[in-house]
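Okay, here's what each chain looks like letter by letter:
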Amino acid sequence: MTNRRMGLGRGLDALIPGSGSAGNRQTAVEQVDIDLIAPNPHQPRTVFEPEALEELAESIREHGVIQPLIVSRPETPGSAPYQLIAGERRLLASRKAGLEKVPVIVKEASPQSLLELALVENLQRQDLGPLEEAFAFKRLAEEFEMTQEAIATRVGRSRSSVTNSLRLLTLSDEIQNSLARGEISSGHARALLGIEDPDERRRAWMRIVEGHLNVRDAEALAKQGFKAPREVTPKRRPAEVAALEEQLRGALGTRVDLTKGRKGGRIVIHYFSDEELESIVDRLA
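Residues numbered from 1 in each chain as written. Predicted model: local features only at pLDDT ≥ 70, side-chain atom pairs only at ≥ 80, totals over all residues. Heavy atoms only, no water.

Asker: Outline the overall build of the protein, listing residues and values.
Answerer: Across its full length, the protein holds 15 helices and seven strands. When burial is assessed residue by residue, the protein has 43% of its 285 residues classed as buried. Taking the contacts inside the protein whose residues are at least 6 apart along the sequence as the reference set, 64% of them involve residues at least 24 apart. As displayed, the protein offers around 15900 Å² of accessible surface, 50% of which is attributable to carbon and sulfur atoms. (Helix = DSSP H or I, 4+ residues; strand = E, 2+ residues; numbered from the N terminus. Buried < 20%, exposed > 50% of the residue type's maximum accessible area, 1.4 Å probe, protein only. Contact = heavy atoms within 4.5 Å. Areas by Shrake-Rupley, 256 points an atom, 1.4 Å probe, with all protein chains shown as cover.)

Asker: Residues and numbers for the sheet that holds strand β2 (residues 37-38), please.
Answerer: On the basis of which strands lie adjacent, the open sheet formed by five strands has the order β1-β5-β3-β4-β2 and mixed pairing. Each edge of the open sheet is held by one strand with a lone partner, namely β1 (30-33) and β2. As paired elements, strand β3 (residues 69-72) and strand β5 (residues 101-106) share three bridges and run parallel to each other. By the bridge assignment, Ile70 is partnered in β5 with Ile105. (Pairing = 2+ DSSP bridges.)

Asker: Hey, could you go over a nonpolar patch on the surface for me, with residue numbers and the actual values?
Answerer: A surface patch of nonpolar side chains, about 270 Å² in accessible area, is lined by Ile267, Ile269 and Leu284. Its location among the elements puts Ile267 in strand β7 (residues 265-269). (Patch = residues over 30% accessible without salt bridge, like charges linked within 9 Å, V, L, I, M, F, W, Y side chains within 5 Å. Salt bridge = Lys/Arg side-chain N within 4 Å of Asp/Glu carboxyl O.)

Asker: If you had to explain the pattern of salt bridges to someone new, which residues and values would you point to?
Answerer: This model, assessed by the stated rule, comprises nine salt bridges. Between Glu30 and Arg73 there is a salt bridge, and its shortest N-O distance comes to 3.5 Å. Note that Glu30 is positioned in strand β1 and Arg73 in the loop between β3 and β4 (82-86), a separation of 43 residues in sequence. We note a salt bridge from Glu133 to Arg157, for which the minimum N-O separation is 3.0 Å. Of this pair, Glu133 sits in helix α7 (residues 130-143) while Arg157 sits in the loop between α8 (148-155) and α9 (159-167); the two residues are 24 residues apart in sequence, bridging distant segments of the chain. Take Glu133: its relative accessible area is 10%, and that puts it in the buried class.

Asker: Which residues make up α7, and what are the values?
Answerer: Here α7 spans 20 Å end to end across 14 residues, near enough to the 20 Å set by a 1.5 Å rise per residue. All of the buried residues in α7 are Leu131, Glu132, Glu133, Ala134, Ala136, Phe137 and Leu140. Just past α7, the residue Glu145 takes up positive phi, approximately 50°. (Expected span 1.5 Å × (residues − 1).)

Asker: A description of the packing of α8 against α9 should follow, citing residues and the corresponding values.
Answerer: Their axes nearest at 8 Å, the elements α8 and α9 cross at an angle of 110°. On the basis of their axis angle, the class for α8 and α9 is roughly perpendicular. Read as a crossing pair, α8 and α9 show a hand that is right-handed. For the pair α8 and α9, contact is made by Gln148, Glu149, Ile151 and Ala152 and by Arg159, Val162, Thr163 and Leu166, respectively. Of the residues assigned to the contact of α8 with α9, the class counts are four nonpolar, two polar and two charged. (Axes fitted to C-alpha atoms, helices over the stretch in contact; angles between N-to-C directions. Parallel < 35°, antiparallel > 145°, perpendicular 65-115°, else oblique. Left-handed = near helix turned anticlockwise from the far one by under 90°. Nonpolar A, V, L, I, M, F, W, Y, C, P; charged D, E, K, R; others polar.)

Asker: Could you give me a rundown of the confidence of the model for the protein, with the residues and numbers involved?
Answerer: Taken residue by residue, the protein gives an average pLDDT of 77. The fraction at 70 or more is 77%. By mean pLDDT, the top-scoring element of the protein is helix α11 (residues 186-192) (92), and the lowest-scoring one is helix α1 (residues 2-7) (36). The model gives residues 1-26 a pLDDT under 50, and that stretch makes 46 contacts with residues more than four places away or in other chains. Predicted confidence is poor over residues 228-232, with pLDDT under 50, and the contacts of this stretch with residues over four places away or in other chains come to ten contacts. (pLDDT = per-residue confidence, 0-100.)

Asker: I'd like a description of the packing of α7 against α9, backed by residues and values.
Answerer: Where α7 meets α9, the axes come as close as 8 Å, and the angle between the chain directions of the two elements is 105°. Classified by the angle between their axes, α7 and α9 sit roughly perpendicular to one another. Contact residues: Pro130, Glu133, Ala134, Phe137 and Lys138 in α7; Val162, Ser165 and Leu166 in α9.

Quick look at the structure:
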């Protein structure tokens, strides 16, 4: 996961100059009434784990807010004096901790930057679910007319990764809800996208959920077609192999199969277009 985090290093430094660690030393930190800060309307993250928020709130009660929130002063009449750009978890946890004031750094930001910054911050922390990420990419494309290439550049991803993320939104609501609930992973969802017929895709999804199939079995199911499901037998695979395989898939934005033997093994990287091949080669090179 380290490489992925490095690839997202643009973050606040790139989108709002001077907001990185070096910039924070030169930028005045203000103490602002917490009730004067409105949430970021473009926040892509919709789910915040209660336990994690409570842990952060407890830390804030003991140590305070160590990293200032990034806010802007909106010019819209009737709006709150401050609008959050980045740091919604810290804002929510500060409210739970009972703080009256929080440290902020005030920056100017356009509506597009509000979405980009919230998206990049969450991607850096790997806090977004696959659908939250996909909807954020869709908003950048539709509301701000950004190409997939431009989105990939802004968030430090490959274009194929952005494309595959957006494809999740073509799944039925039923399957999307299953993905959001964690019944299936994004790897399962990508495998289901390989089944064109909606009815067959739904039956395959049900088999994956009911049979607790892993991603590799789901890919085999999609490849051979659902008409011969009995040939797909769930196999026990070492947890560390499955974790490494998923890590490679996330880094390269495509299907990766990892097989370990007694002495070495092999990695198989799949691509589905010349453009995706070029993207994979660029990332590996």
